[in-house]
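Each chain, letter by letter, is given below.
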Amino acid sequence: MKMDRKDELLLLIAVSGEIPSDWIGRAVGSESYAAVLLTRLKREGEVKLRSKDGIRGYLLRNKAKQYLLVHYWDDVRLYLSGANSTNHVKSEPEKRLRLHRMSMVWIYIHRAGIRIFQSEKPELFPVFHQVPFDSSTIIGSTPVSYYGTMEWKQETDMEIKGSRACGVLAADQFYVVYNTMGNLMKWTPKIERNLKSRLEIRLRKCRRLLPGGAIIMGVGMEMVQRILISDGGLKGNLFSLDDVYESYYYIPFYAEAAIQLRLLGSESDGVRFYRFLCGALKSVNNDRFSPEAGEDENGTPVYFCYLMDLWQIKRIMSLSIRKGGRIFCFTYQAEVLRLLVPKWFQVEAIRPEKVYRYLGWRQ
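Here is what the cut-offs are and how they apply
Residues numbered from 1 in each chain as written. Predicted model: local features only at pLDDT ≥ 70, side-chain atom pairs only at ≥ 80, totals over all residues. Heavy atoms only, no water. Pairing = 2+ DSSP bridges. Helix = DSSP H or I, 4+ residues; strand = E, 2+ residues; numbered from the N terminus. Axes fitted to C-alpha atoms, helices over the stretch in contact; angles between N-to-C directions. Parallel < 35°, antiparallel > 145°, perpendicular 65-115°, else oblique. Left-handed = near helix turned anticlockwise from the far one by under 90°. Contact = heavy atoms within 4.5 Å. Nonpolar A, V, L, I, M, F, W, Y, C, P; charged D, E, K, R; others polar. Salt bridge = Lys/Arg side-chain N within 4 Å of Asp/Glu carboxyl O. Buried < 20%, exposed > 50% of the residue type's maximum accessible area, 1.4 Å probe, protein only. Core = buried A, V, L, I, M, F, W, Y, C linked by side-chain atoms within 4.5 Å. Phe/Tyr/Trp six-rings, centres within 6.5 Å; stacked < 30°, edge-to-face > 60°. Lys NZ or Arg CZ within 6 Å of the ring centre and 35° of its normal. Arc of directions from axis to C-beta. pLDDT = per-residue confidence, 0-100. Disulfide = S-S within 2.5 Å.

### Description of the sheet that holds strand β9 (residues 283–284)
Part 1 of the argument: Strand order in this open sheet of 5 strands is β9-β10-β11-β12-β13, and the pairing throughout is mixed. Each of the sheet's edge strands pairs with one partner strand only, and the pair in question is β9 and β13 (345–350).

### As for the packing of helix α1 (residues 5–16) against helix α6 (residues 93–111)
Part 1 of the argument: Where α1 meets α6, the closest approach of the two axes is 9 Å, and the angle between their N-to-C directions is 140°. When the axes of α1 and α6 are compared, the pair comes out oblique. Two packed elements cross with a definite hand, and for α1 against α6 that hand is right-handed. Contact residues: Glu8, Leu12, Val15 and Ser16 in α1; Leu99, Ser103, Trp106, Ile107, His110 and Arg111 in α6.
Part 2 of the argument: Taken together, the residues of the contact of α1 with α6 sort by class into 5 nonpolar, 3 polar and 2 charged.

### Digging into the pattern of salt bridges
Part 1 of the argument: Within the structure shown, the criterion is met by 13 salt bridges.
Part 2 of the argument: Note that glutamate 44 and arginine 40 form a salt bridge whose closest N and O atoms lie 3.7 Å from each other.
Part 3 of the argument: Relative accessible area serves as the criterion here: at 32%, glutamate 44 is assigned to the partly exposed category.
Part 4 of the argument: Look at arginine 40 and you get partly exposed, because its relative accessible area is 32%.
Part 5 of the argument: One salt bridge connects arginine 193 with aspartate 243, and the closest N-O pair in it is separated by 2.7 Å. Of this pair, arginine 193 sits in helix α7 (residues 189–206) while aspartate 243 sits in the loop between α8 (222–229) and β8 (248–252), and the two are 50 residues apart along the sequence.
Part 6 of the argument: By relative accessible area, aspartate 243 is classed as exposed at 62%.

### What to know about the nonpolar core
Part 1 of the argument: Membership of the largest hydrophobic core comes to 118 residues, with the highest contact counts inside it found for Leu9, Tyr146, Tyr178, Met217, Tyr248 and Leu261.
Part 2 of the argument: Excluding residues that lie within four positions of it along the chain, leucine 9 makes contacts with Ile19, Ile24, Ala27, Val28, Leu37, Leu38 and Leu41.

### Focus: the packing of aromatic side chains
Part 1 of the argument: Going through the model one piece at a time under the given rule, you end up with 22 aromatic pairs.
Part 2 of the argument: Aromatic pair phenylalanine 273 and phenylalanine 330: ring centres 6.4 Å apart, planes at 10°, arrangement stacked. Taken together, the residues phenylalanine 273 in helix α10 (residues 267–278) and phenylalanine 330 in strand β12 (residues 325–330) connect sequence positions 57 residues apart.
Part 3 of the argument: Classification of phenylalanine 273 by relative accessible area gives buried; the value is 2%.
Part 4 of the argument: The side chain of arginine 5 reaches across the aromatic face of tyrosine 33, ending 3.9 Å from its centre.

### A short note on unusual backbone geometry
Part 1 of the argument: Unlike most non-glycine residues, methionine 181 shows phi in positive territory, near 55°.
Part 2 of the argument: Even without a glycine there, the phi angle at arginine 208 is positive, about 60°.
Part 3 of the argument: You can see arginine 208 is positioned in the loop between α7 and β7 (210–218).
Part 4 of the argument: According to the relative accessible area criterion, arginine 208 is partly exposed, its value standing at 38%.

### Regarding the side chain of serine 16
Part 1 of the argument: Position of serine 16 relative to the elements: it lies in helix α1.
Part 2 of the argument: By relative accessible area, which is 2% here, serine 16 ends up buried.
Part 3 of the argument: Ignoring any residue separated from it by four or fewer positions in sequence, one finds serine 16 in contact with Thr86, Leu99, Ser103 and Trp106.

### With respect to helix α9 (residues 258–265)
Turn by turn, an α-helix covers 3.6 residues, leaving residues three or four places apart pointing in a common direction.
Part 1 of the argument: Burial within α9 is extensive, with 7 of its 8 residues counted as buried.
Part 2 of the argument: Where α9 is concerned, the buried positions are Ala258, Ile259, Gln260, Leu261, Leu263, Leu264 and Gly265.

### Considering α8
Part 1 of the argument: Among the residues making up α8, those that are buried are Met223, Val224, Ile227 and Leu228. With its buried residues spanning 135° around the axis, α8 presents them on a single face.
Part 2 of the argument: Contact partners of the buried residues in α8: β6 (173–181), β7, β8, α11 (310–317) and α12 (331–340).

### Here's the deal with the confidence of the model for the protein chain
Part 1 of the argument: Residues of the protein chain with pLDDT of at least 70 account for 94%, and the chain-wide mean is 91.
Part 2 of the argument: Low pLDDT (under 50) marks residues 128–141, which in the prediction has 19 contacts with non-local residues, meaning those over four places away or in another chain.

### Points about the state of the cysteines
In protein structure, a disulfide is the covalent linkage between the sulfur atoms of two cysteines.
Part 1 of the argument: All chains considered together, the criterion is met by 0 disulfides.
Part 2 of the argument: Unpaired in this structure, cysteine 305 has its nearest cysteine sulfur neighbour in cysteine 329, at a distance of 7.3 Å.
Part 3 of the argument: With a relative accessible area of 0%, cysteine 329 lands in the buried category.

Dropping the structure here:
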């Protein structure tokens, strides 16, 4: 979808409800231009800044809502209608922070080049018996798309009302996306398990998509350590690794970390890169439940941790193999891994831009 940056920003505020003030530059793609654009939009009465309870965010005024409803009806009608939380943003801090949490994901995924607007992606749950069969909705034949919770939660989904999920990344598989921000998020395994089960049933039926796990986003790599040592807190209501999802992938809100979304979103490119790395191994371990990728020519175990599978990292942390091992990750992941794994492991960093060149991706 081609649009100017003013319309892009207004659309991102519409689907978010409220954008954190310090994320406007990321939404537009330029801090300096964002400052100029905001001055103009505020002067013209299209956006306003709400600063309350220490939380600062930008909302749409009625003038901007009417403009979007006329020019981008398909993209905003769900968000700018009725009493939806994105249309009438409440002032309570907890409700505003929930919108901020979702907004950060909307913006990050959009800037990563993934489709987020309704007019440019297929329905998540197409009803084949009501419309002609469309092969573009079948696994592997459409671009990666992201769907916020308002696009797929139904009124009958009372069992998942308290879920912390922000949305679903639909690719060759589907991933439920969460945002822990800078603290451990509240977590109720029963609710999240119900959500995963409902999504799996619906997506297997109408999109032929299989569960790929959960993606947890956060403000920095230091959250990895906090998650891995978490025991759920004193009340047991904070996130800690469990069996709700087979895999939990952590992605920080770094521009370079978008490579993880690209690899998770394309099974063919993910396999291609994996096989490229395996080409340097003397033996390859085909057991998908093992944390090891194989062994090098010296018989040293090799681990691929560039996807930041938290369960895999936790298993490596508990290994007592004194002969050590080699861990391959991306440059922005290396520091925290060196802090987490036993000292006899060697962490080797891969530059994301080299992977882009190898896979023929545009940055």
